[in-house]
Amino acid sequence: MRKRRRNKANEVIHHDRWLVSYADFVTLLFAFFVVMYALSASNESQYQAVSQSIRTAFLEKKRQVVILEEALKERVDHVSPIELDEEWVADSRQLQQASDQLTQQLNEQVKDNLVAVNKGNSWIELQMNSELLFLSGSADLSANSLPVLKKVAEILKPLPNQIQVEGHTDNLPIGTSKFPSNWELSSARATTVVRELIKNGINPPRLSAIGYSEFHPVADNKIEEGRFKNRRVSLLIISQDYSRDRLHLINANKPAAGGQDRNFSAQAAP
């Protein structure tokens, strides 16, 4: 027992053992960077292509933002703050009056949940259920829809605002020879409503028609009540301020004659 204690006391403690672990770590780190370098060297052409695409995308986005800022600045420079404020107040007042008129004139359809009028700071949205406007699977207006659309046109005709007509469906496929999918059905219904509004005196340049198919639902498509709400045509009456700013942006990005700008797509007007 005494001999064991004597040998233990004579043991030497090595304080440099950490060098072994450190050397292993450095070796593994070196191997890692060698592998990474080999991978990057073998895919250098792909790396350059991806890098260039990302750089181009960021530059294009920055260019669009700059153009919009310049358009807005040009408009503000030519109009005094007082005039801007007066325009906004007048436009907002007109939209509020139109919203109140739509709610009053279509009160019966609102009570039957066939029409809904929503108002925002710079827009009015008039939602009309497809059951009010069309027969099932059809883009032809029903007889009951004509008086409703005539009332809508009479209210919106005096306004200068742009009107965006949006067609929506539920998610049940249609697949007929006339409408291969809900895209064609929603677009045709929007266009039909646009034509009826023109027939009732609304200036065509104020109008645009868009089909959204089933991809912008307002309710659950899993139940019949939700699908009923999703089958609709919406009229979006847009503030003049928003319309002018958007027009500045589009005009600033118009291509030269004979060219085509791939970065901006205009809505289809009938």
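Just so you know, these numbers come straight off a predicted model, no measurement behind them. (Residues numbered from 1 in each chain as written. Predicted model: local features only at pLDDT ≥ 70, side-chain atom pairs only at ≥ 80, totals over all residues. Heavy atoms only, no water.)

**Focus on the pattern of salt bridges**
Okay, so step 1: Under the definition given, this model contains four salt bridges.
Okay, so step 2: Arg227 is the salt-bridge partner of Glu224, the closest N and O atoms lying 3.2 Å from each other. Placement of the pair is Glu224 and Arg227 together in helix 9 (residues 224-230), with a separation of three residues, close to one helical turn.
Okay, so step 3: Each of Asp170, Glu224, Arg227 and Arg231 takes part in salt bridges that share partners, so that together they form one network. (Salt bridge = Lys/Arg side-chain N within 4 Å of Asp/Glu carboxyl O. Helix = DSSP H or I, 4+ residues; strand = E, 2+ residues; numbered from the N terminus.)

**Here we look at helix 8 (residues 182-199)**
Okay, so step 1: The end-to-end C-alpha distance of helix 8, which contains 18 residues, comes to 26 Å, matching closely the 26 Å that a straight helix rising 1.5 Å per residue would cover.
Okay, so step 2: Among the residues of helix 8, those classed as buried are Asn182, Leu185, Ser186, Arg189, Ala190, Val193, Val194, Glu196 and Leu197.
Okay, so step 3: Elements in contact with the buried residues of helix 8: helix 6 (130-133), helix 7 (145-156), strand 3 (162-168), strand 4 (207-211) and strand 5 (232-238).
Okay, so step 4: Looking one or two residues past helix 8, Gly201 carries a phi angle of roughly 105°, positive in sign. (Expected span 1.5 Å × (residues − 1). Buried < 20%, exposed > 50% of the residue type's maximum accessible area, 1.4 Å probe, protein only. Contact = heavy atoms within 4.5 Å.)

**Examining the sheet that holds strand 4**
Okay, so step 1: Reading across the sheet, the five strands line up as 1-2-5-3-4 and stay open at both edges, with mixed pairing between neighbours. Each end of this open sheet is capped by a strand with a single partner; those strands are strand 1 (115-119) and strand 4. In this sheet, adjacent strand axes meet at a mean angle of 15° when their direction is disregarded.
Okay, so step 2: Sitting on the sheet, helix 8 is in contact with strand 3, strand 4 and strand 5, with an inclination near 160° to strand 4. (Pairing = 2+ DSSP bridges. Axes fitted to C-alpha atoms, helices over the stretch in contact; angles between N-to-C directions.)

**Some words on unusual backbone geometry**
Okay, so step 1: A positive phi is found at Asn113, a non-glycine position, where the angle reads about 60°.
Okay, so step 2: Notably, Ser213 is not glycine yet its phi reads approximately 55°, a positive angle.
Okay, so step 3: Note that Ser213 resides in the loop between strand 4 and helix 9.
Okay, so step 4: On the accessibility criterion, Ser213 (1% relative accessible area) is buried.

**Points about the environment of Gln105**
Okay, so step 1: With respect to the secondary-structure elements, Gln105 resides in helix 4 (residues 81-105).
Okay, so step 2: With a relative accessible area of 40%, Gln105 lands in the partly exposed category.
Okay, so step 3: Measuring from C-alpha to C-alpha, the distance between Gln105 and Lys151 comes to 7.1 Å, with 46 residues separating the pair along the chain.

**A look at the confidence of the model for the protein chain**
Keep in mind that low pLDDT regions are not for reading the predicted coordinates in detail.
Okay, so step 1: Here the protein chain averages 77 in pLDDT, and 62% of its residues register 70 or above.
Okay, so step 2: By mean pLDDT, helix 10 (residues 240-252) is the weakest element of the protein chain at 50, and helix 8 is the strongest at 97.
Okay, so step 3: Contacts for the low-pLDDT stretch residues 244-251, under 50 throughout, to residues beyond four places or in other chains number 12 contacts.
Okay, so step 4: Confidence drops under pLDDT 50 across residues 254-270; counting only partners more than four residues distant or on other chains, this segment forms 20 contacts. (pLDDT = per-residue confidence, 0-100.)

**What to know about the layout of surface pockets**
Okay, so step 1: Reported here for the second largest pocket is a volume of approximately 270 Å³.
Okay, so step 2: Lining the second largest pocket are 17 residues, and of these Ser136, Gly137, Asp170, Arg189 and Arg231 lie nearest its centre.
Okay, so step 3: If you list the elements that add at least two residues to the lining of the second largest pocket, you get helix 6 and helix 8.
Okay, so step 4: The element that contributes the greatest number of residues to the lining of the second largest pocket is helix 8, accounting for three residues.
Okay, so step 5: Looking at side-chain class alone, the lining of the second largest pocket contains seven nonpolar, six polar and four charged residues. (1 Å grid on protein atoms, 1.4 Å probe; cavity = no way out; pocket = protein on both sides within 12 Å on 5 of 7 lines; lining within 4 Å. Points joined across faces, edges and corners; volume = space filled by probe spheres on them. Nonpolar A, V, L, I, M, F, W, Y, C, P; charged D, E, K, R; others polar.)

**A look at a nonpolar patch on the surface**
Okay, so step 1: Taken together, the side chains of Phe25, Val26, Leu29, Phe32, Phe33 and Met36 present a nonpolar region at the surface, about 590 Å² in accessible area.
Okay, so step 2: By secondary structure assignment, the location of Phe32 is in helix 2 (residues 18-42).
Okay, so step 3: Since its relative accessible area comes to 45%, Phe32 is described here as partly exposed. (Patch = residues over 30% accessible without salt bridge, like charges linked within 9 Å, V, L, I, M, F, W, Y side chains within 5 Å. Areas by Shrake-Rupley, 256 points an atom, 1.4 Å probe, with all protein chains shown as cover.)

**A short note on the side chain of Asn230**
Okay, so step 1: Its place among the elements puts Asn230 in helix 9.
Okay, so step 2: A residue is classified by how much of its surface remains accessible, and Asn230, at 0% relative accessible area, is buried.
Okay, so step 3: Reaching out from Asn230, the side chain makes a polar contact with the side chain of Asn221 at a distance of 2.9 Å.
Okay, so step 4: With sequence-adjacent residues up to four places away left out, Asn230 is seen in contact with His168, Thr169, Asp170, Pro217, Val218, Ala219, Asp220 and Asn221. (Polar contact = N/O pair within 3.5 Å; in protein donor to acceptor, adjacent residues only side chain to side chain.)

**Notes on the side chain of Asp170**
Okay, so step 1: Locating Asp170 in the fold gives a position in the loop between strand 3 and helix 8.
Okay, so step 2: Judged by its relative accessible area of 7%, Asp170 is buried.
Okay, so step 3: Reaching out from Asp170, the side chain makes a polar contact with the side chain of Arg231 at a distance of 2.7 Å.

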